[in-house]
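# Observations on the three-dimensional arrangement
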Amino acid sequence: MVAALLLLGVLSAQLAYHFRSELVRYVPAAEEMFDALGVAVPLSAQSDLVSIEASDLQSDTARGLFVLQATLRNRAAYAQAWPALELTLIDAQDTVVARRVLLAADYLPAGSDLSAFPANAETPVRLWIDAKGLGAVGYRLYIFYP
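Rules behind the numbers
- Residues numbered from 1 in each chain as written.
- Predicted model: local features only at pLDDT ≥ 70, side-chain atom pairs only at ≥ 80, totals over all residues.
- Heavy atoms only, no water.
- Pairing = 2+ DSSP bridges.
- Helix = DSSP H or I, 4+ residues; strand = E, 2+ residues; numbered from the N terminus.
- Axes fitted to C-alpha atoms, helices over the stretch in contact; angles between N-to-C directions.
- Phe/Tyr/Trp six-rings, centres within 6.5 Å; stacked < 30°, edge-to-face > 60°.
- Buried < 20%, exposed > 50% of the residue type's maximum accessible area, 1.4 Å probe, protein only.
- Lys NZ or Arg CZ within 6 Å of the ring centre and 35° of its normal.
- Core = buried A, V, L, I, M, F, W, Y, C linked by side-chain atoms within 4.5 Å.
- Contact = heavy atoms within 4.5 Å.

What follows covers the sheet that holds strand 6 (residues 138-144). Sheet strands associate in pairs through backbone hydrogen bonding, adopting either a parallel or an antiparallel arrangement. Strand order across the open sheet formed by 3 strands is 4-3-6, with antiparallel pairing between neighbours. Lying at the two open borders of the sheet, with one neighbouring strand each, are strand 4 (96-102) and strand 6. Taken pair by pair, the neighbouring strands of this sheet meet at an average axis angle of 15 degrees, ignoring direction. By the bridge criterion, 7 bridges tie strand 3 (residues 84-90) to strand 6 in an arrangement that is antiparallel. Within the sheet, the bridge partner assigned to L89 lies in strand 6 and is Y139.

Here the focus is the packing of aromatic side chains. Evaluation of the coordinates by the stated rule reveals 1 aromatic pair. Centroid distance W82 to F117: 4.3 Å. Interplanar angle 10 degrees. Geometry classified as stacked. Highlighted residues: W82 in the loop between strand 2 (65-74) and strand 3 and F117 in the loop between helix 4 (104-107) and strand 5 (121-129), separated in sequence by 35 residues. Judged on exposure class, the residue W82 and its partner F117 are both buried. Over the ring of Y17 we find R20; its NZ or CZ atom is 4.2 Å from the centre of that ring.

Next up on the list: unusual backbone geometry. Phi is mostly negative for residues that are not glycine, and the peptide bonds are mostly trans. Its identity is not glycine, yet D94 carries a phi of approximately 65 degrees, on the positive side. For D94, the location among the structural elements is in the loop between strand 3 and strand 4. According to the relative accessible area criterion, D94 is partly exposed, its value standing at 45%. With a phi angle near 50 degrees, N120 is a residue other than glycine that sits in the positive phi range. Along the chain, N120 turns up in the loop between helix 4 and strand 5.

Taken in spatial order, the 3 strands make up an open sheet running 1-2-5, and their pairing is antiparallel. Of all strands in the sheet, those bounded by a partner on one side alone are strand 1 (50-60) and strand 5. This sheet shows a mean twist of 15 degrees between the axes of neighbouring strands, independent of strand direction. Relative to strand 5, strand 2 is paired through 9 bridges, and the arrangement is antiparallel. Residue V67 lies in a different strand from strand 5, and its bridge partner there is W128.

Quick look at the nonpolar core now. Within the largest apolar cluster, 24 residues are counted, with the highest numbers of intra-cluster contacts made by L68, L72, L85, L87, Y107, L127 and I129. Of all the secondary-structure elements, those providing two or more residues to this core are strand 1, strand 2, strand 3, helix 4, strand 5 and strand 6. Excluding anything up to four places from it in sequence, L68 contacts D56, L57, L87, V125, R126, L127, I129, Y139 and L141.

Quick look at the structure:
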């Protein structure tokens, strides 16, 4: 009986540690407990609540670059971690010619707050991409959390 209670306590502690972001979101007082234990609590990272509202890739022939414009939206009622973006350039046969993962520091404007994607917020993204000689004619843009 003692071993079962001990194992139940260990399991509860493991679950609290694993789901600490969600636990703090639902029970804010739990954050003080994690702080006292020296355990960092990351922001939530629910990709199903983050979306690309609009995106467009245009050619800037004057500079020989592509310009990617997109709008990211956090539909959650709470702040989340910034997602990563995967940009895939494709050719006329829908073959991948280049792929790059962009972290928040890569796609947010200089001086932006990198700590959290605010709740119910939209953020514009504008990137200049040097893809000379690749033969890219299209793109795919995905959101994910690494």
